[in-house]
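Understanding the architecture of this molecule
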Amino acid sequence: DTEVTQTPKHLVMGMTNKKSLKCEQHMGHRAMYWYKQKAKKPPELMFVYSYEKLSINESVPSRFSPECPNSSLLNLHLHALQPEDSALYLCASSQGAGGAEQFFGPGTRLTVL
Amino acid sequence: QKEVEQDPGPLSVPEGAIVSLNCTYSNSAFQYFMWYRQYSRKGPELLMYTYSSGNKEDGRFTAQVDKSSKYISLFIRDSQPSDSATYLCAMSEGAQKLVFGQGTRLTINP
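The following refers to the structure shown. (Residues numbered from 1 in each chain as written. Chains lettered and ligands numbered in written order. Predicted model: local features only at pLDDT ≥ 70, side-chain atom pairs only at ≥ 80, totals over all residues. Heavy atoms only, no water.)

**Some details on the overall build of chain B**
Helices and strands together make up the secondary structure of chain B, namely zero helices and 11 strands. Across chain B, helices and strands are ordered from the amino to the carboxyl terminus as β-β-β-β-β-β-β-β-β-β-β. Here chain B holds 110 residues, and the buried ones make up 43% of them. Put simply, chain B has 11 plus and 11 minus side-chain charges, and the middle of one group is 6 Å from the middle of the other. (Helix = DSSP H or I, 4+ residues; strand = E, 2+ residues; numbered from the N terminus. Buried < 20%, exposed > 50% of the residue type's maximum accessible area, 1.4 Å probe, protein only. Lys, Arg positive; Asp, Glu negative; His and termini not counted. Charge placed at Lys NZ, Arg CZ, Asp CG, Glu CD.)

Laid out in structure tokens, this is it:
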């Protein structure tokens, strides 16, 4: 089973709202990732968690706050977003800290009004 | 110059044709090479994963890596309309960060 699940599928929020995206994998992978993808562009790395610890933050604005409650779950907390943050948010996981073979979830399509 | 170059297309071919997609790169430290397929409004799906140079075959798909030329390819045999998607190459030194190409939009015409 190489499945990464993400909820919700779609999310519309106002600029003053607080919302969270959720990602789950049951493959025993020890690294999990958040990516942002704009239309017709490749995914851009935001955060990496390795063994439940934040190992990479690609200078993401603080209005995005990641959390890894356990080895299977990854959350992305959203607060005071801007319309330009509208995008497809993808979660991925990989078996080890090396992280080359990454499996992606279906994504959450976020619209910020 | 981008670290990974991929022709964005669009590329349109008739059903049954052999499709060749490729990427070039500049970082000689890349060791891991991947091809992802992404349907519209979906997440990328890992198609092929290769370590170092060589060929790898999986059904109708063949991935080739030529590290001496810094060039990777994906061949699709007997292409089907269901292969219509964006194909992304991705590479890594092995340290969690993937570097993606821009993606090639492929359409297979029935």
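**Considerations on the overall build of chain A**
The helix and strand inventory of chain A stands at zero helices and 11 strands. Put simply, chain A runs from its N terminus to its C terminus through helices and strands in the order β-β-β-β-β-β-β-β-β-β-β. A compact globule built from 113 residues would reach a C-alpha radius of gyration of about 13 Å, and chain A, at 13 Å, matches this within 12%. Reported as C-alpha extents along the three principal axes, the dimensions of chain A are approximately 35 × 25 × 20 Å. Residues classed as buried in chain A amount to 47% of the 113 residues present. By sequence separation, contacts in chain A at least 24 residues apart represent 54% of the contacts at least 6 residues apart. Of the roughly 5,400 Å² that chain A leaves accessible, carbon and sulfur atoms contribute 49%. Separation between the mean location of the 12 positive side-chain charges and that of the 10 negative ones in chain A comes to 7 Å. (Rg over C-alpha atoms; globule rule 2.2 N^0.38 Å. Contact = heavy atoms within 4.5 Å. Areas by Shrake-Rupley, 256 points an atom, 1.4 Å probe, with all protein chains shown as cover.)

**Some points on the environment of L81 of chain A**
Residues and elements named next belong to chain A. Looking at the secondary structure, you find L81 in the loop between β8 (73-79) and β9 (87-94). Here L81 falls in the buried class, since its relative accessible area comes to 0%. Remark: the alpha-carbon pair of L81 and E3, spanning 78 residues in sequence, is separated by 29 Å. Setting aside residues up to four positions removed in sequence, L81 forms contacts with M13, M15, R63, F64, L110 and V112.

**As for the side chain of K36 of chain A**
Relative to the helices and strands, K36 of chain A is located in strand β4 (residues 31-37). What K36 of chain A contacts, discounting residues up to four positions off in sequence, is P42, P43, E44, M46, E84, D85, A87, L88 and Y89 of chain A.

**Observations concerning empty space enclosed by the protein**
Residues and elements named next belong to chain A. What the rule picks out here adds up to one cavity of 30 Å³ or more. Considered as a void within the structure, the largest cavity measures approximately 30 Å³ in volume. Surrounding the largest cavity, H29, R30, A31, M32, Y49, Y51, E52, C68 and S71 form its lining. Looking at the lining of the largest cavity, its residues break down into five nonpolar, two polar and two charged. (1 Å grid on protein atoms, 1.4 Å probe; cavity = no way out; pocket = protein on both sides within 12 Å on 5 of 7 lines; lining within 4 Å. Points joined across faces, edges and corners; volume = space filled by probe spheres on them. Nonpolar A, V, L, I, M, F, W, Y, C, P; charged D, E, K, R; others polar.)

**Structural notes on the environment of D7 of chain B**
Residue and element names in this part refer to chain B. As for its placement among the helices and strands, D7 is situated in the loop between β1 (4-6) and β2 (11-14). Considering only alpha carbons, one finds D7 and G54, 47 residues apart in sequence, at a separation of 22 Å. For D7, the contacting residues outside a window of four places in its chain are G103 and T104. At a separation of 2.9 Å, a polar atom in the side chain of D7 contacts the main-chain amide nitrogen of G9. (Polar contact = N/O pair within 3.5 Å; in protein donor to acceptor, adjacent residues only side chain to side chain.)

**Regarding the sheet that holds strand β3 (residues 19-25) of chain B**
Residues and elements named next belong to chain B. Judged by pairing direction, the sheet is antiparallel, and its five strands sit side by side in the order β1-β3-β8-β7-β6 without closing on themselves. The sheet terminates laterally at β1 and β6 (54-58), the two strands that pair on one side only. Here the strands of the sheet are splayed against their neighbours by 15° on average, with no regard to which way each runs. Two elements, β6 and strand β7 (residues 61-66), share five bridges in a ladder whose sense is antiparallel. Bridging from a neighbouring strand, K56 pairs with A63 of β7. (Pairing = 2+ DSSP bridges. Axes fitted to C-alpha atoms, helices over the stretch in contact; angles between N-to-C directions.)

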